[in-house]
Amino acid sequence: MTELDLLLMGPPGAGKGTQGRLLGEALGVPWVSSGDLLRHAVEDGSALGEEARGFMSRGDLVPDRVIVGLMSRRLQEPDARGGFIADGYPRTVPQADALAAALDALGRRLTAALAILLPDDEVVDRLSGRRTCPRCGRVYHVEHEPPVRAEHCDADGACLIQREDDSAETIRRRVAVYHKDSEPLIAYYGERGLLREVDGIGPPEVVAERLHAAAASSA
Ligand SMILES: [Zn+2]
């Protein structure tokens, strides 16, 4: 059996978390975000986890060697033997090389790098319309998913807020950072014939179907 070893890329607002989960369920492989990977590592008390915690508690970036070690270990867990969907990693070309080497050491290779495409204006529209409940954390959108009573949470009636991260200026900056960081990776996977670009416009379940088709046709 060939593993489905996948990467998921996309700008802020592309719904990567939702898509990663949906795709994972559809394909029967776990969605592995770099954030979850680090959180679990810190909790499991392993030597590698302790090392990661040391860097994080000092506010330092966790080095590639540690993250790749954690990733490599994660890929050998029973639920990931048939594949995985990595999200938030790799972020750089050296990290992409390190991941390829880690997969190679396990006798595996990347199936595809899935990139969700979303025009910058759409990203700004999606994120700047976002409102969050400060009490329960539920997220709304002023146009696409408004609360029943304007500016108030359906669950608890709290006054909704716009997070600092969702101001138009901050969003433009985050989009610029995404392009700068992702372009070398897009080129890297493009050169290796692994890049699958998927239109991110449309309802989440439609985007999920596109991603599923792109992944399945790469296997
Ligand atoms: Zn609420």
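Residues numbered from 1 in each chain as written. Predicted model: local features only at pLDDT ≥ 70, side-chain atom pairs only at ≥ 80, totals over all residues. Heavy atoms only, no water.

## Side note on the layout of surface pockets
Going by this rule: For cavity detection a 1 Å grid was placed over the protein atoms alone, and a set of points counts as a cavity when a 1.4 Å probe fits there but cannot get out; an open set counts as a pocket when protein lies on both sides within 12 Å along at least five of seven lines, with lining residues being those that have an atom within 4 Å of a point. Grid points are joined across faces, edges and corners, and a volume is the space filled by probe spheres set on the points. Labels follow the DSSP assignment, with helices taken as runs of H or I lasting at least four residues and strands as runs of E lasting at least two, numbered in each case from the N terminus. When residue character is reported, Ala, Val, Leu, Ile, Met, Phe, Trp, Tyr, Cys and Pro are called nonpolar, Asp, Glu, Lys and Arg charged, and the others, Gly included, polar.
Estimated volume of the largest pocket: approximately 1200 Å³. If you go around the largest pocket, you meet 44 residues; those closest to its centre are P12, G13, A14, G15 and K16. When residues of the lining of the largest pocket are traced back to their parent elements, those giving at least two are strand 1 (4-9), helix 1 (16-27), strand 2 (31-33), helix 2 (34-44), helix 6 (120-128), strand 6 (139-141), helix 7 (168-191) and helix 8 (204-218). When residues in the lining of the largest pocket are grouped by element, the largest group, six residues, is from helix 7. Tallied by class, the residues present in the lining of the largest pocket amount to 18 nonpolar, 15 polar and eleven charged. Lining the second largest pocket are S34, G35, L38, L61, V62, D64, I67, G88, Y89, R91 and Q95.

## Description of the packing of helix 6 against helix 7
Definition in use: In this analysis an axis means a line fitted to C-alpha atoms, helices contributing only their contacting stretch, and an angle means the value between N-to-C directions, from 0 to 180 degrees. Any angle that is under 35 degrees is reported as roughly parallel, and any over 145 degrees as roughly antiparallel; angles of 65 to 115 degrees are reported as roughly perpendicular and all others as oblique. Handedness of a helix crossing follows the sense of rotation of the near helix relative to the far helix, less than a right angle counterclockwise being left-handed and clockwise being right-handed. A contact between two residues is defined here by any heavy atoms of the two lying within 4.5 Å.
Packing of helix 6 against helix 7 leaves a shortest axis separation of 10 Å and a crossing angle of 135°. Judged on the interaxial angle alone, helix 7 and helix 6 are oblique. Regarding helix 6 and helix 7, the two cross each other, and that crossing is right-handed. Side by side, helix 6 and helix 7 meet where D120, D121, V123, V124, L127 and S128 of the first sit next to I171, R172, R174, V175 and H179 of the second. Tallied by class, residues from the contact of helix 6 with helix 7 come to five nonpolar, two polar and four charged.

## Structural notes on the packing of aromatic side chains
For clarity, the cut-off: Stacked, edge-to-face and tilted are the three classes for Phe, Tyr and Trp ring pairs, Trp counted by its six-membered ring, which pair at centre distances within 6.5 Å; planes under 30 degrees apart are stacked, over 60 edge-to-face, the rest tilted. Consider the ring centre and the ring normal. A charge sits over the ring if Lys NZ or Arg CZ is within 6 Å of that centre and within 35 degrees of that normal.
In this structure the tally under the stated criterion is one aromatic pair. Here the guanidinium or amino end of R58 rests over the ring plane of F55, the centre of that ring lying 5.2 Å away. Its end group placed over the ring of Y188, R192 keeps NZ or CZ at 3.6 Å from the ring centre.

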